[in-house]
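Next come the chains, spelled out residue by residue.
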Amino acid sequence: RVLFPISSLVLLDSYAEQDGEPLRATAIPGPDLLAGLGIDGDADAELGIVAPTSADELVSDVERIVPALSADRVRALLAAAEHNASLLHAHTPARFSGDVLFFTAAGANAGSAAADSWSEFVAGRVHNHDVDCTHWQMCTRSALEVIGPLVGDYLGRAVMVSGDGQRLEIDG
């Protein structure tokens with residue numbers, strides 16, 4: 001392992017270790033999948049439950065619903081998600097010497113099981129905050145409006161929401 005100094009650690013709705021076999025693709029609500037691709041809004045209501053066997057249909061639906069996302073881009077995002085899941089399954093975290101700021105997607109799984117899974121890998125405290133969203137929605141605008149200011153406070157910097165409400169910026 002190559003070790004680098006880490007002064008702050010923020011985790012979004014993740015478990016320290018994955019038990020059993022790597023995650024297999026399962027059917028998920030279309031809105032959650034679109035949120036995972038960074039698409040937020042009313043367009044997601046057009047998709048129902050998305051099964052792994054309907055990936056090609058999903059790609060064409062996403063391209064139709066959000067023209068700015070090409071089929072190639074959607075395929076690349078899905079491939080990256082699959083690759084990241086395999087990396088996560090094979091990884092065992094090292095011990096972190098400080099505190100951790102943790103965000104639990106409380107929309108479907110209220111509680112602190114994910115945050116608690118990090119306690120043996122963290123010398124300090126795991127500060128858990130519930131966010132009213134699903135795991136897939138952790139990086140949507142509404143979730144980041146909750147997460148951003150808390151991260152800013154944790155880092156000791158001011159967080160600014162732009163006048164148009166489109167961006168969160170950490171100042172400093």
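Residues numbered from 1 in each chain as written. Predicted model: local features only at pLDDT ≥ 70, side-chain atom pairs only at ≥ 80, totals over all residues. Heavy atoms only, no water.

Colleague: Mind showing me how you'd approach unusual backbone geometry here?
Modeller: For residues besides glycine, phi is generally negative; the peptide bonds are generally trans as well. Here Asp13, not a glycine, exhibits a phi torsion of approximately 45°, which is positive. Within the secondary structure, Asp13 is located in the loop between strand E1 (9-12) and strand E2 (28-29). (Helix = DSSP H or I, 4+ residues; strand = E, 2+ residues; numbered from the N terminus.)

Colleague: What's the story with the pairing of strand E4 (residues 100-105) in this structure? I'm lost.
Modeller: Remark: a regular strand shows side chains that alternate across the two faces of the sheet. Among the 6 residues that make up E4, 6 are buried, leaving the element largely enclosed by the rest of the structure. Of the two faces of E4, the one lined by Val100, Phe102 and Thr104 and the one lined by Leu101, Phe103 and Ala105 are each fully buried. Where E1 meets E4, 4 bridges bridge the pair, whose relative direction is parallel. Residue pairing across strands places Leu9 opposite Val100, the latter belonging to E4. (Buried < 20%, exposed > 50% of the residue type's maximum accessible area, 1.4 Å probe, protein only. Pairing = 2+ DSSP bridges.)

Colleague: So what exactly am I meant to see when it comes to the side chain of Ser14 here?
Modeller: Looking at where Ser14 falls in the secondary structure, it is placed in the loop between E1 and E2. Judged by relative accessible area, which is 18%, Ser14 ranks as buried. Beyond its immediate stretch of four places on either side in the chain, Ser14 contacts Phe102, Ala114, Ser117 and Trp118. (Contact = heavy atoms within 4.5 Å.)

Limitation: the analysis is restricted to geometry and does not speak to function.
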